[in-house]
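# Structural features, examined
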Amino acid sequence: GVLPLGRRPPAWGTAARQPPGLPLAPARAFSNNKILVELDESSGVAMMKFKSPPVNSLSLDVLTEFCISLEKLENNRACRGVIFTSAIPKIFSSGLDITEMCGKSAEHYAEFWRAVQEMWLRLYGCNMVTIAAVNGSSPAGGCLIALSCDYRIMVDNPKFSIGLNEAQLGIVAPFWFKDTFVNVVGQRIAERSLQLGALHPAPEALKLGLVDELVPEEKLQEKAAAVMAQWLAMPDHARQITKSMMRKTVLDRLISHREEDIQHFINFTSKESIQKSLRTYMEMLRKKK
Amino acid sequence: GVLPLGRRPPAWGTAARQPPGLPLAPARAFSNNKILVELDESSGVAMMKFKSPPVNSLSLDVLTEFCISLEKLENNRACRGVIFTSAIPKIFSSGLDITEMCGKSAEHYAEFWRAVQEMWLRLYGCNMVTIAAVNGSSPAGGCLIALSCDYRIMVDNPKFSIGLNEAQLGIVAPFWFKDTFVNVVGQRIAERSLQLGALHPAPEALKLGLVDELVPEEKLQEKAAAVMAQWLAMPDHARQITKSMMRKTVLDRLISHREEDIQHFINFTSKESIQKSLRTYMEMLRKKK
Amino acid sequence: GVLPLGRRPPAWGTAARQPPGLPLAPARAFSNNKILVELDESSGVAMMKFKSPPVNSLSLDVLTEFCISLEKLENNRACRGVIFTSAIPKIFSSGLDITEMCGKSAEHYAEFWRAVQEMWLRLYGCNMVTIAAVNGSSPAGGCLIALSCDYRIMVDNPKFSIGLNEAQLGIVAPFWFKDTFVNVVGQRIAERSLQLGALHPAPEALKLGLVDELVPEEKLQEKAAAVMAQWLAMPDHARQITKSMMRKTVLDRLISHREEDIQHFINFTSKESIQKSLRTYMEMLRKKK
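Description of the structure in this document. (Residues numbered from 1 in each chain as written. Chains lettered and ligands numbered in written order. Predicted model: local features only at pLDDT ≥ 70, side-chain atom pairs only at ≥ 80, totals over all residues. Heavy atoms only, no water.)

### Examining the interface of chain B and chain C
The cut-off we apply is this: It only takes one pair of heavy atoms within 4.5 Å for two residues to be counted as in contact. Accessible-area loss on putting two parts together, using a 1.4 Å probe and summing over both, is the definition of buried area adopted here. The salt bridge definition used is simple: a Lys or Arg side-chain nitrogen within 4 Å of an Asp or Glu carboxyl oxygen. Distance and chemistry together define a polar contact, namely a pair of N or O atoms within 3.5 Å, with one atom able to donate a hydrogen and the other to accept it when in protein, and with adjacent residues in sequence counting only for side-chain atoms on both sides. Strands are runs of DSSP state E lasting at least 2 residues, helices are runs of H or I lasting at least 4, and numbering of each runs from the N terminus.
At the junction of the two partners, chain B supplies 20 residues and chain C supplies 19 residues. In this assembly, chain B packs against chain C so that about 1,800 Å² is buried in total across both faces, 62% of it on carbon and sulfur atoms. In this assembly, chain B and chain C are joined by two salt bridges. Where R188 of chain B meets D212 of chain C, a salt bridge forms, and the shortest distance between an N and an O atom there is 2.9 Å. Put simply, chain B and chain C have five residue pairs in polar contact (both at pLDDT 80 or more) between them. Of all the secondary-structure elements, those providing two or more residues to the side of chain B that touches chain C are α5 (175-185) and α6 (187-195) of chain B.

### What to know about the sheet that holds strand β11 (residues 161-163) of chain B
Residue and element names in this part refer to chain B. Put simply, the test is: Between any two strands, pairing holds if DSSP finds at least two bridges. Axis definition: a line fitted to C-alpha atoms, over the contacting stretch in the case of helices. Angles run 0 to 180 degrees between N-to-C directions.
As summarised here, the arrangement of the four strands in space is β6-β9-β11-β12, forming an open sheet in which the pairing is mixed. The two strands at the open ends of the sheet, each matched to only one other strand, are β6 (90-91) and β12 (200-201). Judged from the two bridges that link them, β11 and β12 form a sheet pairing that is antiparallel. Its bridge partner lying in β12, S161 is registered against P201. Sheet strands touched by helix α4 (residues 140-148): β9 (136-139) and β11. Its angle to β9, the strand with the most contacts, is close to 100°.

### Describing the packing of aromatic side chains
The description of an aromatic ring pair uses the distance of the two centres, along with the angle that the planes make with each other. Residue and element names in this part refer to chain A. In plain terms, the rule: Centres within 6.5 Å make a pair out of two Phe, Tyr or Trp rings, where for Trp the six-membered ring is used; the pair is then stacked when the planes are under 30 degrees apart, edge-to-face when over 60, and tilted otherwise. Remark: exposure states derive from per-residue accessible area (1.4 Å probe, protein chains only) relative to the maximum for the residue type, with buried under 20%, exposed over 50%, and partly exposed in between.
Evaluated as defined, the whole model comprises 36 aromatic pairs over all chains. Seen in terms of ring centroids, W113 and F177 are 6.5 Å apart; in terms of plane orientation they differ by 10°. Their pairing is stacked. Taken together, the residues W113 in helix α3 (residues 106-124) and F177 in helix α5 (residues 175-185) connect sequence positions 64 residues apart. Judged by its relative accessible area of 4%, W113 is buried. Of the residues examined, F177 reaches a relative accessible area of 1% and is grouped as buried.

Pasting the structure below:
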């Protein structure tokens, strides 16, 4: 990775010990607990599949595994692009795991939030071509993952929706979620969508520019592969520098305010009013089942 | 209000003496000279109607009344949203009152400009949900009021137009008018529209994104109420922080250059060439009648 | 010119000695080697035609001539607007002359790059109304010229394409090319288009907002003149200040990093890998003929 990544959670020691830039010795494919990774060395394209039932929520474990997997691929010269998708029907990712934000210690909140930051810094600043194959709903942190890719293809099903709906839960998307959103759809659409905590059904998401195209579910992987081939036709180096130039301002804003952002998250999350909002929301989710 | 508002014009002493955050004692509705305010406590929605014949121009008096009225509503916990509209047929607001900018003293220009800034700082940074129900033409400062709201609904009549047409008058929309415009329609549309001092008929304004939707005149209030209900369904706190985050950069730019901006206005307006442009324009308006 | 222009290449001494603001004594039209300039004093509109066979590439000579011609027009009070077009069929401009970037000395790279910067600073910051009448393909630096104008009209022919395709050549559009692009089409479209080094056929360019309108080839000059008349109907002073306000941020970014940008260009261009990419590309162009 080329990003200045700051202090890493201890759990990532393994990945950090990889000599940077060297391919992982024999491993061609590796699979972990909650994220499946398959690398097709002939095309240079990896598929990263979220498989954390019931709804691919982004727990500290999942975020850590996500970062390790992404770093391994970055360090593997055989890999030039990654397609992100879900192994669970109807949901891409439900976003941050709210249980990590409820009734825990300040230390836990800090560790969790650092992992969320790390995930985004690595993905948004990723040197490889990144494509989101959104095969289900994608609220909040799930939407952030899609928005951080180079290209978004969504299944053409109005039952699947996508958006930063934090405000609906009584919480606030942090500034770098907002910056990422604005970089995709512009200030005006972001202002309205974020204030309303809107979840946009796929056809509306397309109109707003939140996703780049819609395809029937059975065509999703084929389409993702075709788009990936188009992006991989570019010389890596020029594409990477261009990408980095386009995203630098927004990446730098978090990098230079990382500790403040963690402190802010701890303070905000520790408030009794916010804890109450989150508990109410979890209660509602439980009843929904 | 949560905005750092700087020194206020003395005329606003009354409002400033209101203990912040406390509801206005018995008043359920209050009306003033040139702005009618009705608050429906059951819905939490206030209607603010401009009634300053002939064309709702924004004189120092009107601006002062606007700010006092808005502050009273902000301090009234029963009020969560405001709909802005006109009590005068065919015109929403004609913008800044040019007579305030002609043949007056530097002190007067300073006082006037501070009031214009204050109006915008309060409205653009308003914690309540703000909706413009644009029932007539809305040039220059009138357009600014609409652009500063959270949502804009305009009467579907091509005879009504909206835009920052300052350049047509030989004057220049200040940077924060421009920033507000850019935040709504983006850089490219703003560049062209502001340089041409364009007034866009309602259907064109919709296409450009300058307004969010058009409705027949008789449906305007009903539609504004429905949109307001949708926005008020959100938890206030999360929506307010999100709004503030979205608009902070642009608000801060004026807040940190407020005195320079006043000085710039005085210097510019005092120029004989500008005075001549403004007199010519007023002459033209008089002949039109 | 009103731009702080820094040190100029010695070749421009002639132009620099022109007393600024004074009309060029008798000359009504002047023509040079590679750029034809005709000024219609009755309308105040100049036509600048690129005529540097075979493909109007922007060599150091052409760039120098471009800047001198533009400065002469700026200093001529009879001139208020310029239309840029090509005297060569099917190509507007092929962009920077790659031979200037191959196998030359660091001094040459510096001189060349300063001329490229100068061209853009003068054109993007030009006080006159500038319209691109794009009558052929317009890749890379050709696209930059079009994007730097106030308005872009392109011939409605899908065989003509436009875009910043640098990444296709293994090189990277510099940050101010990118900024100019983003100011026209927004961040998202720019991110994708620049990473893919895309050349957009005219109809697609219109959809993306890269050009403002398409017309049949035989209507191009007539249309350009009509649009120019519309822009010239505005008072010059207000329009100029508005334009300057809209473009200031992006202009200032280069102005304050000019020497670094030159150094960066020298370092990048001097790399053997980049030299190889450029030679390969030139080889390909030669074979195409």
